[in-house]
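Structural characterization, general
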Amino acid sequence: GRVEKICKAISESGFNTVVLQVRPFGDSYFPSELYPPSSFVVGAYGRDFTYDPFKIFIDIAHKYKLSVHAWINPMRLMTTAEIEKISTDYVIGQWYQDETLRNKYLSVYDGRYYLIPGWEETRKLVADGATEICKNYNVDAVHIDDYFYPTPATTFDAAHYSTVKDDYISLSYYRLEKVNQLVNGIYKAVKAVKEDIQFGISPAGNITNNMNTLYADVRTWGSREGFCDYLAPQIYWGFEHSSARQKFDICTQDWEAICSH
């Protein structure tokens, strides 16, 4: 079928890896005990799976000697309208339906809910999701990309920050540390299942924006053990980009310097 054509074409084109999205919005492209079925697979939130598309894809990809990296977005959830349809069979549904827990663990930005990474419970849900993937599927890696804090606005996680702010020199340091704990939690969850499974990150290409706006501490991830096995920064810019630091060659050197420590 279609997956067969896709994998055959990828293999024949000389590629060896597929990064396959399995959790875009706090949902799941495969039957999960932790996350609700994704509307992109079952048609609408509230419906259930009748087959396992992820297993089918992995089996066919491996037939063509392709590595499969399961791509998840850790913090981003459903829209404000969609989350109302999520069953309390799932943790996100439980948190949303309980107003106290909703205000504690979730935050809204631009019409969409996000997990607040400051809480151990939210980070555990993400890590447990990685564990579930690695235990149930023959994946070669787990992968996340550039969706961390959706806004630098102080209101996003003000309630939690107010309870711990005496432990941090600034809101920025707090956010960087909490995202670091989230990333380290995914890394440890993956390695606890099987050391050979990789954990990779594809952060936004601009290092400064990562640190100051998304609170993605790419300098730490690239220079210290325990955060990831590879960084694949999104450095899509050409050699003639108007910004000197965002020309492909210069930007590549900046990223290499991070990872050479």
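Given the structure is predicted, the values throughout are model-derived calculations rather than measurements.

The rules behind these values
Numbering of residues starts from 1 in every chain and runs along the sequence as written. Per-residue local features are limited, in this predicted model, to residues with pLDDT of at least 70; the limit for side-chain atom pairs, both in listing and counting, is 80 or more; totals at the level of whole chains, interfaces and linings are taken over all residues. Only hydrogens and water are set aside when side-chain values are computed; all heavy atoms of the structure are taken into account. Here, a strand pair is defined by DSSP locating no fewer than two bridges between the strands. Here a helix means four or more residues in a row that DSSP labels H or I, a strand means two or more in a row labelled E, and each is numbered from the N terminus. Simply put, an axis is a line fit to the C-alpha atoms, just over the touching stretch for a helix, and the angle between two N-to-C directions goes from 0 to 180 degrees. Angles below 35 degrees are treated as roughly parallel, those above 145 as roughly antiparallel, those between 65 and 115 as roughly perpendicular, and all remaining angles as oblique. Each crossing is labelled by how the near helix is turned from the far one, with a counterclockwise turn of less than a right angle marking it left-handed and a clockwise turn marking it right-handed. By definition, residues are in contact when any of their heavy atoms lie within 4.5 Å. Paired rings are identified among Phe, Tyr and Trp, the last through its six-membered ring, by centres lying within 6.5 Å, and are further divided according to the angle between planes into stacked (under 30 degrees), edge-to-face (over 60) and tilted (the rest). Buried residues are those whose accessible area, probed at 1.4 Å on protein chains only, stays under 20% of the maximum for their type, while exposed residues exceed 50% and partly exposed ones sit between those limits. A ring is considered to have a charge above it if a Lys NZ or an Arg CZ atom is located within 6 Å of its centre and within 35 degrees of its normal.

**Examining the sheet that holds strand 4 (residues 106-109)**
Read from one edge of the open sheet, three strands run 3-5-4, paired in antiparallel fashion. In this open sheet, the two strands that pair with only one neighbour each are strand 3 (76-79) and strand 4. If you compare each strand with its neighbour and ignore which way they point, the axes differ by 30 degrees on average. Here strand 3 runs beside strand 5 (residues 112-115); their pairing, made up of two bridges, is antiparallel. Bridge pairing in strand 5 places Arg 76 opposite Tyr 114.

**Some thoughts on the packing of helix 6 (residues 120-136) against helix 8 (residues 171-193)**
Orientation of helix 6 relative to helix 8, taken along the N-to-C sense of each, is 25 degrees, at an axis distance of 8 Å. Judged by the inter-axis angle, helix 6 sits roughly parallel to helix 8. In this structure, helix 6 meets helix 8 at a crossing whose hand is right-handed. Contact with helix 6, carried on its side by Arg 123, Val 126, Ala 127, Ala 130, Thr 131, Cys 134 and Lys 135, involves Lys 178, Gln 181, Leu 182, Gly 185, Ile 186, Ala 189, Val 190 and Val 193 of helix 8 and no other residues of that element.

**Side note on the sheet that holds strand 7 (residues 198-201)**
With respect to topology, five strands assemble into an open sheet ordered 1-2-6-7-8, the strand pairing being parallel. Here the strands that pair on one side only, and so sit at the sheet edges, are strand 1 (17-23) and strand 8 (230-231). Relative to strand 2 (residues 67-72), strand 1 is paired through six bridges, and the arrangement is parallel. In the strand pairing of strand 2, Thr 17 is matched with Ser 67. Docked against the sheet, helix 3 (residues 53-63) engages strand 1 and strand 2, running at close to 150 degrees with respect to strand 2. The sheet strands contacting helix 6 are strand 1, strand 2 and strand 6 (141-144), and the helix crosses strand 1 at an angle near 130 degrees.

**Quick look at the packing of aromatic side chains**
As enumerated under the stated definition, the model contains 14 aromatic pairs in all. Measuring from ring centre to ring centre gives 6.1 Å for Tyr 114 and Phe 156, while their planes differ by 70 degrees; the resulting arrangement is edge-to-face. Remark: Phe 156 occurs in the loop between strand 6 and helix 7 (158-164) and Tyr 114 occurs in strand 5; sequence separation between them is 42 residues. Judged by its relative accessible area of 4%, Phe 156 is buried. One aromatic cluster in this structure is built from Tyr 114, Tyr 149, Phe 156 and Tyr 215. The ring of Tyr 35 carries the charged tip of Arg 23 above its face, separated from the ring centre by 3.7 Å.

Any functional reading would require information beyond the geometric quantities listed.
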